Every structure is written in structure tokens, then in C-alpha cells.
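Inside the fold
Spelled out from the first residue to the last, the chains are:
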Amino acid sequence: MLHYVLLALLPVAFTAPAASPATNPIVAPHPMITARATLTDRTPTRVQERDIISSIEGLGSYLGSVLGSFPSYVASGVPNFFQDFPTGTAVQNSLGISSSDLAATPTQVLNIPNYANWTDQGWNLRFRGNVFKQPNISESKLNELANIFLVGTSIEALPPAEQTQARNLTAEIFVVQQANQKVLMNIEPAASQGSDGTSSGSNTVTTPRGGTQNITLAGVTTAEGDFDQFLPLANVSGPGGYLLAGNATNTLQRLNIYANGTLTGNATSYLVPPTGLTVISDIDDILRVTRIYQPADGLLNSFAKAFTPWMNMPDIYANWSQSIPNFHFHYLTTTPEQVTRNYMDFIYKTYPGGSFDTRPLNFSDVSATLSIRKFLLEKIFQTYPQRKFILVADTSNSDVMKAYPAMATEFPGQVQCIFLRNTSATDAGDKFPYDTSGFKGLNNQTYMFFKVPDDLRGLDIVNGQCVNTTIKQNVTFSTQGLPFGLSKKSAAGRIESDWSVVMMTGLVMVFGFAYGVL
């Protein structure tokens, strides 16, 4: 029983404030996220240990011996709500859907807005998405499934609008992916970002005068229903001319991409010239309020509440869009495909139009989740070796803290600026530490940790001005934000002995008694 108690107390111990006078009342902790019920039997596997555990020497092995396997959010640093979703036949079998009923259900396509690069053979457009069927699920069953993802509340307790969003998102999760499907796309010039977005992504995005054509994707969809490939576009003429050649223009061009045979597979993609600036932006807790570091809030903000912009960040992106020529916006989230539609809908109603990346279904476990961002970053960097990139995210993502500085090292001269919102400095609810060791050796004029969107105002990012000198930087090139003043790498600031482990365990017990758990 002790190991369950210790596990329950870990978030309390690690997020506790420094010692303060006893006169201050103790605030009850947020309810801890509980393990999600699964639709199929799964073999438990040990997850990758989180940096904080390995950084406090001895504690990691101690916890492992006492706790055995523990939830992925303890290991990865933030609660990973979107993990191990059931797919394919697991959904069909668990919901008791017959093959005949499924066959009668319309086939749908998730078509993700993407980008094209210019080569010696012309434009190569990336096609990315998923083919699936959405079973008919009763409202009572959707309520039951939605309650899996809600902590400290239930769908019945939510306002009607939030109930509807929770059901819709749950229905998007419990779909049956379709393997071995041929995919045919229709392409035509786009006057705007269409039904899924804003009128432009940059002040120089244009509608091409030609390019209408049909393309059949090579091969068939994967076992998970995915497709992801680059294919050449024919430079066919239209009423007003042709697609502009990438070596003859600096202007972005916009195309609508329609999946044949379904009304759901529409997207808008961009022909991006070889040179210019691309911003690659994370979404959670930098473009929208998620509070992923607070399990109950994060789940409610993701599954039920309407997506809300983070402060005035839309103004910053709008200013970049209007003032920087040839600026390409690319939104990259490690959220899995099943819940992508809500993200795209929010982005294209709130921020400039642009291409999009999300986590493919074959990246499903914790270790893959932590590597997918770097995989997707490398793909776009390799696609545009002459473009420069502005990388934007927040410190609550351990994968960002590794992948962003790694790009500056792996692709010298291509990372123009790195902007990271310091969530622990701007939201008292974020007590997770972050590791800045990856920035050691980088030019400190190429990155900035900021607190509010206005810290980015006035920066000449086109010419490489990445630092607002009025914003104090405190980068120690180590794990920062640790509890108990352990952030700095010093002999006095590390737990290095079995006695220290005992002390930590004692602190956990103290917090347990203080919070009335033990």
C-alpha cells in the first residue's frame, strides 16, 4: 500500500512551495490524474524515466524498486493525456460493432494542411493524413467513454456546450482506421485558406493561376490508415497561367487539396520557396491555454472547454504575418492525429494560416512520443536547407527543451531564433523543472526565455534580433526549477547518497501528513 501512497504524493512533493510561516493556510492540491481505462488488455511496460528523477541521483532507482512501473506523465514530465488511444479493430471489437455495420459507415479522410518544396523537377507537395470510419456510438456510450478523460468531474456535470465538445472529441478518438486504401486527391488554386482557416498566412501569400489536377497517392494506407509522402505537381495551366516556379519567386502560393469520395478531407497547403523565414510553433501553452502541467485543468481544457488563446499571442503572430514578407507559418504539435481537427479549427480561426504537423499513429508509446517532435523538425529542416527558422514553444515540454537546441547544432545557420515561454515563471501551477543544458554552447543572442507575448514585440527577427534586453535571462545550462532549491549543479544542490533518498522519502511522508493523506 505504501508504494501507492508514495506515488500519489509525488506531485505534491515536487510541486510544493518553499517553506513558509505556518500561519499561511495550506491549499488543497489538484486531484491527481488517474490511470485511463483501456478498451483492450495491454501488457504493462516500464516507461522511460523523467529527467527530474534521473537528475536526483539514487532517487530514480529507489522509486523504481518501490513503485515498479508508473504513469507516463511522471516519466515524461507532463501529464500525457493523449496516449495509447485504441485504434482500428480494437475500437470495433470493444464497441461491439459488426463488420456489416462498419462497412455501411462512410469512409472519411483527415487531410492535414501541408507544404511543398521546389526541386529540379518542379514542386513536390507533401500529402499527409489518415483514412478512417467513424462508428455510430450512442450518446450514453459516448458519455461513458468521455468520463474516462475527465478528472474530478463528469460529463453530466458540465454545461451543455462543454458536454457537446467532450462527446465530439471522444467520437474523434474512437474511430476505426482503414488500412490498404487508395487515396485520390484533387488540387486547385485557393483564394483563401477555405473552410478550415483564415484568408492568408502572410502578406505575400498568393493564389496561383494554374495547377488544377488530380493525383493518386503511391501505394495504399498503412496498417494505421496513415499516408505521408511527397509527390510532384504537374505545372498545368489554368485560366490565368501556371504555378509560379520556386526558383523565380519568393512568394508563397496556396492550394486547396480535396480527398475524393468524402466531404471531410479538405485542406489548404502551401508552396514554400527555397529561401525565406519559417516559424515553427508549438500550440499547447504557447498559442492556447492548456495548463498541461495541471492534470485536471489540462484534461478539461483539452476535452471540454472551448480553446482559448494565451493572452495576446494572436496579435504577435498577426503582426509577423503582416510585416514580414514570405513568412511561412508551420504549426507542430505532438498531439495524435485523432484529435487534430479541434487544433486545426482553433488555429485557423485565431492565428495566420499555415501548414500543420501532428503525431502519426505509429508513434504511440512514451519513448516515441518524446522523439516525434525531433523527427518532424528534421523533416522540414531537410526539406528547406536554405530557409531559416524561428522556433517557438514553452518550457513545460521536455522534448522541446532537447529538440530545439539540437536543431541549432544539427543544422548550423538555419535556426534564426528560439523563443520559449517560461511557464514556471508565468503560471504558479507549473512546478515541473526544465532542462536548459542543451543550450550550452549556443550563441546566447539566438534564444530567449520570455514571460508574456509583449516581450516579443519590436524584435527585428528578420535580421536576427532574438533577445529583448529588458527581459532578464537566467540560464544555468542545467535542470532548472527543481524543488527544494536543487536547480543549480553544485555539491550543495544535489541528492547523491542513500541518506538523501531517506531524507526525500521523509519529506514525502511529511507532505502526506500535512495534506491529510497519511
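Per chain, residues are indexed from 1 in the order of the written sequence. The predicted nature of this model means local features are confined to residues of pLDDT at least 70 and side-chain atom pairs, given and counted, to a pLDDT of 80 or more, with totals for whole chains, interfaces and linings taken over all residues. Values reported for side chains reflect all heavy atoms of the structure, with hydrogen atoms and water molecules removed beforehand.

**Focus: the overall build of the chain**
Short version of the rule: Strands here mean DSSP runs of E at least two residues long; helices mean DSSP runs of H or I at least four residues long; both are numbered from the N terminus. Relative accessibility under 20% of the residue-type maximum defines a buried residue, over 50% an exposed one, and the middle range a partly exposed one, all with a 1.4 Å probe and only protein chains included. Where accessible areas are quoted, they stem from the Shrake-Rupley method and a 1.4 Å probe; at the residue level, only the protein chains shown are allowed to cover.
Looking only at helices and strands, the chain has 15 helices and 17 strands in total. Within the span of the chain, comprising 518 residues, buried residues form 54% of the whole. Accessible surface for the chain amounts to roughly 21800 Å². Of this, 53% is attributable to carbon and sulfur atoms.

**Some thoughts on the confidence of the model for the chain**
So the rule is basically this: The pLDDT value expresses, per residue, how confident the predictor is, ranging between 0 and 100. In what follows, a contact means two residues having at least one pair of non-hydrogen atoms within 4.5 Å.
Mean pLDDT for the chain: 78, with 72% of residues reaching 70 or above. Within the model, pLDDT remains below 50 along residues 1-79, and this stretch shows 129 contacts once partners closer than five positions in the same chain are excluded.

**Brief notes about the state of the cysteines**
Applicable threshold: Note on terminology: disulfide denotes any pair of cysteine sulfur atoms within 2.5 Å.
Counted by the stated rule, this structure contains one disulfide. Across the disulfide, Cys417 is cross-linked to Cys466 (sulfur-sulfur distance 1.9 Å). Measuring the twist about the S-S bond at about -70°, one finds the Cys417-Cys466 disulfide to be left-handed. Separated by 49 residues along the polypeptide, Cys417 in strand β14 (residues 415-421) and Cys466 in the loop between β16 (447-450) and β17 (479-480) bring together distant segments of the chain. By relative accessible area, which is 0% here, Cys417 ends up buried.

**Things to note about the packing of helix α7 (residues 139-146) against helix α8 (residues 160-173)**
Going by this rule: A fitted line through C-alpha atoms serves as each axis, taken over the contacting stretch for helices, and the angle formed by two N-to-C directions is quoted from 0 to 180°. Oblique is the label for every angle not falling under 35 degrees (roughly parallel), over 145 degrees (roughly antiparallel), or within 65 to 115 degrees (roughly perpendicular). Three residue categories are used. Nonpolar comprises Ala, Val, Leu, Ile, Met, Phe, Trp, Tyr, Cys and Pro, charged comprises Asp, Glu, Lys and Arg, and polar comprises the others, including Gly.
Packing of α7 against α8 brings their axes to within 9 Å, and their N-to-C directions diverge by 85°. On the basis of their axis angle, the class for α7 and α8 is roughly perpendicular. The residues of α8 that touch α7, namely those facing Glu139, Leu142, Asn143, Leu145 and Ala146, are Ala166, Arg167, Thr170 and Ala171. Taken together, the residues of the contact of α7 with α8 break down into five nonpolar, two polar and two charged.

**Comments concerning the sheet that holds strand β12 (residues 355-359)**
To be explicit about the condition: Criterion used throughout: strands pair if DSSP finds at least two bridges between them.
Reading across from one edge, β12-β11-β10-β13-β14-β16 is the order of the six strands in this open sheet, with parallel pairing throughout. With one partner strand each, in any of the chains shown, β12 and β16 form the two edges of the open sheet. On average, each strand axis in the sheet is tilted by 15° relative to the strand beside it, whichever way the strands run. Both strand β10 (residues 277-281) and strand β13 (residues 388-394) contribute to a ladder of five bridges, which runs parallel. Bridging across to β13, Thr278 finds its partner in Phe389.

**Focus on unusual backbone geometry**
Phi angles above zero are rare outside glycine, and Arg291 is one such case at about 55°. Accessibility expressed as a relative area gives 18% for Arg291, which makes it buried. At Met311, a position not held by glycine, the phi torsion is positive, near 50°. With respect to the element layout, Met311 can be found in the loop between α9 (295-303) and α10 (313-323).

**Brief notes about α10**
Going by this rule: By construction, the arc corresponds to the directions joining the helix axis to the C-beta atoms.
All of the buried residues in α10 are Met313, Pro314, Ile316, Tyr317, Trp320 and Ser321. The buried residues of α10 occupy an angular sector of 160° when the element is viewed end-on, so they sit on one face. Those residues of α10 hidden inside the fold are in contact with β10, β11 (327-336), α11 (340-350), β13, β14 and β16.

**Brief notes about the pairing of β11**
Short version of the rule: Here is how to tell: hold the view so the strands point away, follow the path from the first strand over the helix to the second, and if it runs clockwise the crossover is right-handed.
Counting buried positions over the 10 residues of β11 gives 10, a clear majority of the element. The side-chain alternation of β11 yields two buried faces, one formed by Phe327, Phe329, Tyr331, Thr333 and Thr335 and the other by His328, His330, Leu332, Thr334 and Pro336. Bridge count between β10 and β11: five bridges; the pairing is parallel. Counterpart to Ser281 in the pairing with β11 is Tyr331. At this point the chain moves from β11, through α11, to the parallel β12, and the crossover so formed is right-handed.

**Considerations on the environment of Ser154**
For Ser154, the position within the fold is in the loop between α7 and α8. Taking the C-alpha atoms as reference points, Ser154 and Glu144, 10 residues apart in sequence, are found 9.2 Å from one another.

**Here's the deal with the pattern of salt bridges**
The cut-off we apply is this: Salt bridge criterion: a side-chain nitrogen from Lys or Arg within 4 Å of a carboxyl oxygen from Asp or Glu.
The full count for this structure, using the stated rule, is 16 salt bridges. Of the charged contacts in the structure, one is a salt bridge between Arg373 and Asp399, with a shortest N-O distance of 3.0 Å. Of the two residues, Arg373 sits in helix α12 (residues 366-383) while Asp399 sits in helix α13 (residues 398-410), which places them 26 residues apart along the sequence. Taking the relative accessible area as the measure of exposure, Arg373 reaches 1% and is therefore buried. Between Glu410 and Lys374 there is a salt bridge, and its shortest N-O distance comes to 3.1 Å. Highlighted residues: Glu410 in helix α13 and Lys374 in helix α12, separated in sequence by 36 residues. Exposure remark for Glu410: the relative accessible area of 35% places this residue in the partly exposed category. When salt bridges that share partners are traced, they join Arg126, Arg128, Asp228, Glu337 and Asp357 into one network.

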